[in-house]
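# Structural features, examined
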Amino acid sequence: MTDTVLNHARIIDPVSGKDHLGAVLIRDGLIAEIASKPYPKGEFDSGVVDLKGAIVAPGLVDLRAFIGEPGEEHRETFRSASEAAAAGGVTTIVMQPNTSPAIDEPAVVDFVLRRARDTGLVRIHPAAALTKGLAGKEMTEFGLLKAAGAVAVTDGDRPVRNAQVMRRALAYAAMVGMPVIHHVEDPDLVGEGCATEGEFATRLGLPGVPHAAETIMLERDIRLVKLAGGRYHAGLVSCRESLEVLRRAKEDGLPVTAGVSINHLTLNESDIGGYRTFLKLAPPLRREEERLALVEAVASGLIDVIVSDHNPQDVEQKRLPFAEAAPGAIGLETMLAAGLRLVEAGQITLPRLIAAMSTGPADILGLTAGRLLKGQPADLFVLDPDEPWVVDAATLRSRSKNTPFDEARMSGKVKLTMVAGKIVHSHH
Amino acid sequence: MTAASFIFPHAHLLGIEGLSRPDIEGLLALAEEQITLNRQIEKKKSSLRGRTMINLFFENSTRTQASFELAGKRLGADVMNMSVANSSVKKGETLIDTAMTLNAMRPDLIVVRHHAAGAVHLLARKVDCAVINAGDGAHEHPTQALLDALTIRRNKGSIEGLTVAICGDITHSRVARSNIICLQALGARVRVCGPVTLLPKGIERYGVEVFTDMRKALHGADIVMMLRLQRERMNGAFVPSMQEYFHFFGLDREKLALAKPDALVMHPGPMNRGVEIASDVADGAQSLIREQVEMGVAVRMAVLEALARRLPNS
């Protein structure tokens, strides 16, 4: 393999927070050198790409994406999801186990890994189900699932209602060394609710969900972590009360982390407007004050991870009255661009944004991805932070088109994405 | 402005929200004219002659559907009733497919009731004709609010400055939401009252006074508007029992006596006698309940006519 040199690159290192002009030398799929200065002309015979100051950063690690394969390939396949990911700078996807069949047996993990290897473009790691059939009752084979290649256990977008099941799962997962990821929404308090409880939902006549539905579940889980141990990650937090609970858990030194979706960082409940079902999410979009607090929590590091919460839904699941439509939005391709809005608004630094989308999630799973290190696989992307573009649902690569950002103006385009030094996306 | 020259500036009637005071008053003025007509032996007009109107009811409603049907027929329209029980919706057809299918039959007006909030808006975006919301989930029921306003105005002369107490299940009530907006636009002071489990969060942001003590809510009220409480909500889910509900929130003579002596009682129907309202109050001298039904036809004629004036003529 010949060398590739990404010269005159603005290198963002999320680990050190450094942001400097230099060059990245890629050899045999690995990062062979990270030069602190651009290479002079003539240093290499070929393979030099002059990035003219464009950004190079570690490939993003998306801790929460739903893929329709196996079972619902009309929504998304490994291929289409990885094309979307690559176009968005995501080089590692942690797919949720909510497939058909669910990823609750080692054989399914094996199938997913083989299928992803053969048809995918980016790295796809399955998160296995926490309970059999995602039913919230009986633990899956954590040890065997881990041996088969699952990176975490979670019931995806389904909460585990039974505290005893959760307690034992935390204890057992701790023994096996598997992180537990949980969707923190109390299903009884959510009920039929589909918008944040308050004036806005009341005016639209939509049943509301109180913030407490999330906070109570998070609080319960943290008490169970105290009781049972375990490496615990709250999949999505979305309100200030939850941030307080999280802060206390971290101050107590508990092995607790939390994620937030890019949607909750960049949209608020009023975006639902006249019942736009593409903005129906679980948890629902919150008020602006909550959004701002979430952004601040990412900036300060209280929230560890930003996820796309990529959830492809076909048109038939969305062309329905709001309360009847399926929740979820696609996001692999737009997560980074949407996040750059926060950088542009001066609310978060670029290295911090990228850390929350790469190193942060990789650390939770114990993956080496999400950093630019000599000797590591060259998983990275090149970004022109100033290139403007308009999101067009029709041209997004996902098989489903349920983006909440259709027709949104973005600034910042991924020009090139590499996985192990291989170009998986390029845009001119 | 006379009713004859009134131009309604909207293509559809999806809710009271978004209507201006002149819009509402224009519709009420137009409705006044229909009342006279409706009391004659010859009740037919020809303002909707040649027009096709479809009643599309995804939720059963004998009275609202009958009221719209009569309104359409009295204006000379061809009226077709489609209730969900007989439609392909039961066979899995989606709301939008149903809308597109009906749209292809070139109706001029579609009246829709649906159990989900926002369903009528969704449908209105997919069809070319005028759409009237006959109730969508807990969102809006604009013709009910208009007929209530008309009934009040005819009995009190004006709505400006009146105190109206809306009592019962506010959370699930589209009638309450439309009425709050409509009555406030016309200058009334609105109170809402119900058990705390049936008061939606943020309701005070409408600028209403909120009560859980019905005696206080009724004190000095000019109008007492009762809402229906569905039976499945009385079995412990929202309130402990029918008996407890009637005791604290049912309108009986004793509670009504706390309102002004000339207070009037309303109910959108159908009533649960002995649950939210005592029979003697419902049938008593202060009750406007039957007049509301009469005004319903007039208001719906006015709405149909106002929207039809905007329809293309070729």
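Just so we're clear, the structure is a prediction, and the values are computed from it rather than from any experiment. (Residues numbered from 1 in each chain as written. Chains lettered and ligands numbered in written order. Predicted model: local features only at pLDDT ≥ 70, side-chain atom pairs only at ≥ 80, totals over all residues. Heavy atoms only, no water.)

Time to look at the overall build of chain A. Assigned secondary structure in chain A consists of 14 helices and 18 strands. Relative to a compact globule of 428 residues, whose C-alpha radius of gyration would be 22 Å, chain A shows 21 Å and is just as compact. Burial analysis of chain A (428 residues in total) assigns 61% to the buried set. Sequence separation of 24 or more characterises 74% of the internal contacts of chain A that already satisfy a separation of 6 or more. As displayed, chain A has an accessible area near 15,800 Å², and 50% of this comes from carbon and sulfur atoms. (Helix = DSSP H or I, 4+ residues; strand = E, 2+ residues; numbered from the N terminus. Rg over C-alpha atoms; globule rule 2.2 N^0.38 Å. Buried < 20%, exposed > 50% of the residue type's maximum accessible area, 1.4 Å probe, protein only. Contact = heavy atoms within 4.5 Å. Areas by Shrake-Rupley, 256 points an atom, 1.4 Å probe, with all protein chains shown as cover.)

This next bit is on the state of the cysteines. All names here are of chain B. Taken as a whole and assessed by the stated rule, the structure comprises zero disulfides over all chains. Free cysteine: C167, not disulfide-bonded; nearest cysteine sulfur from C193 at 4.7 Å. With a relative accessible area of 1%, C193 lands in the buried category. (Disulfide = S-S within 2.5 Å.)

Residues and elements named next belong to chain A. Under the definition given, this model contains four aromatic pairs over all chains. Consider the rings of Y39 and F44, whose centres lie 5.0 Å apart with planes at 75°: the pair is edge-to-face. Assessed through its relative accessible area of 15%, Y39 is described here as buried. Geometrically, the ring pair formed by F142 and Y172 is edge-to-face, given 5.9 Å between the ring centres and 70° between the ring planes. (Phe/Tyr/Trp six-rings, centres within 6.5 Å; stacked < 30°, edge-to-face > 60°.)

Moving on, we come to the interface of chain B and chain A. The partner chain A presents 16 residues to the 24 residues of chain B that form the contact. For the pairing of chain B and chain A, the buried interface totals around 1,600 Å² over both sides, and the portion due to carbon and sulfur atoms is 55%. Considering only the side of chain B, the residues that lose the most area to chain A are A117(B), K201(B) and Y206(B), jointly responsible for 28% of the buried surface there. At the surface where chain B touches chain A, the tally comes to two salt bridges. (Buried area = accessible area lost by both parts, 1.4 Å probe. Salt bridge = Lys/Arg side-chain N within 4 Å of Asp/Glu carboxyl O.)

The predicted coordinates of low-pLDDT regions are not to be read in fine detail. Chain-level statistics for chain B give a pLDDT mean of 94 and a share of 97% at 70 or above. Confidence estimates for the predicted assembly give a pTM of 0.94 and an ipTM of 0.92. (pLDDT = per-residue confidence, 0-100.)

Let's shift gears to the pattern of salt bridges. Counted by the stated rule, this structure contains 44 salt bridges over all chains. Across the salt bridge formed by R248(A) and E219(A), the nearest N and O atoms sit 3.6 Å from each other. With R248(A) in helix α8 (residues 240-251) and E219(A) in helix α7 (residues 212-228), the pair connects residues that are 29 residues apart, well separated along the chain. Where salt bridges share partners, they join E199(A), R203(A), E17(B) and R205(B) into one cluster.

Residues and elements named next belong to chain B. In the contact formed by helix α1 (residues 21-38) and helix α11 (residues 289-310), the axes pass within 8 Å of each other and the chain directions differ by 120°. By the angle between their axes, α1 is oblique relative to α11. Pair α1 / α11 crosses with right-handed handedness. When α1 is examined against α11, the residues L27, L30, A31, Q34, I35, L37 and N38 are found in contact with a partner set consisting of E294, M295, V297, A298, V299, M301, A302, V303, E305, A306 and R309. Here the residues of the contact of α1 with α11 sort into 13 nonpolar, two polar and three charged. (Axes fitted to C-alpha atoms, helices over the stretch in contact; angles between N-to-C directions. Parallel < 35°, antiparallel > 145°, perpendicular 65-115°, else oblique. Left-handed = near helix turned anticlockwise from the far one by under 90°. Nonpolar A, V, L, I, M, F, W, Y, C, P; charged D, E, K, R; others polar.)

We now examine the sheet that holds strand β13 (residues 232-234) of chain A. All names here are of chain A. Within the open sheet, the five strands sit side by side as β9-β10-β13-β14-β15. Their pairing is parallel. The strands lining the two open edges of the sheet, one partner per strand, are β9 (153-154) and β15 (305-307). Relative to strand β10 (residues 180-182), helix α4 (residues 163-176) is tilted by about 150°, and along the sheet it contacts β9, β10 and β13. (Pairing = 2+ DSSP bridges.)

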